[in-house]
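Observations on chain architecture
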Amino acid sequence: MNMKIQVPHELFRALSEPVRLRIAVMLTRGERCVCDIQRVLGLPQSTVSRHLGQLRAVGLVRDRRAGKWVYYRLADPNSAVARSVLGLLAGLAESAPYAEDLRELEEYLAEKGC
């Protein structure tokens, strides 16, 4: 399933929440489970899952189940709006707090052995 943004203002509304924007930028680096995101943001699993659900509802995020684990990734872009949004997210990775999140994620994954 590709990223289908039928109502662009809903996508931007979803990304206007700082936690969801931080999650989306983290996902520019690849697929992650809730526990990885939770560890970096210091938030409860239920909070991270709720934010991921909202990103999934607007078509930005896809999930896949593997046993008891759920992995999330950015959806594949299929429109100019989607490609632009993904480019913006990748660009944000260079600034705070997103760069710090990504650095912490990389350190955590290295400790975890991923």
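The following refers to the structure shown.

Cut-offs and rules
Residues numbered from 1 in each chain as written. Predicted model: local features only at pLDDT ≥ 70, side-chain atom pairs only at ≥ 80, totals over all residues. Heavy atoms only, no water. Pairing = 2+ DSSP bridges. Helix = DSSP H or I, 4+ residues; strand = E, 2+ residues; numbered from the N terminus. Buried < 20%, exposed > 50% of the residue type's maximum accessible area, 1.4 Å probe, protein only. Contact = heavy atoms within 4.5 Å. Salt bridge = Lys/Arg side-chain N within 4 Å of Asp/Glu carboxyl O.

Focus: the sheet that holds strand 3 (residues 61–66)
A sheet is described by the order of its strands in space; here 3 strands give the open sequence 2-4-3, paired in antiparallel fashion. The open sheet has two free edges, formed respectively by strand 2 (32–33) and strand 3, since each of these has just one partner strand. Examined bridge by bridge, strand 2 and strand 4 (residues 69–74) share 2 bridges and lie antiparallel to one another. Opposite Cys33, over in strand 4, you have Tyr71 as the bridge partner.

Here's the deal with the environment of Cys33
Within the fold, Cys33 resides in strand 2. Linking Cys33 and Arg65, residues 32 residues apart in sequence, is a C-alpha distance of 9.8 Å.

Some words on the side chain of His51
Residue position: His51 is located in helix 4 (residues 45–57). The buried category is assigned to His51, whose relative accessible area is 5%. Not counting residues within four places of it along the chain, the set of residues in contact with His51 comprises Glu17, Val19, Arg20 and Ile23.

Quick look at the pattern of salt bridges
Where charged atoms from two side chains of opposite charge come close, those side chains can pair. This model, assessed by the stated rule, comprises 9 salt bridges. Note that Arg73 is salt-bridged to Glu31, the shortest N-O span being 3.7 Å. Taken as a pair, Arg73 in strand 4 and Glu31 in the loop between helix 2 (18–27) and strand 2 lie far apart in primary sequence, 42 residues in all. With a relative accessible area of 24%, Arg73 lands in the partly exposed category. As a salt-bridge pair, Glu111 and Arg39 come within 3.9 Å of each other at their nearest N and O atoms. Taken together, the positions of Glu111 in helix 6 (residues 98–112) and Arg39 in helix 3 (residues 34–41) put the pair 72 residues apart, joining distant regions of the chain.

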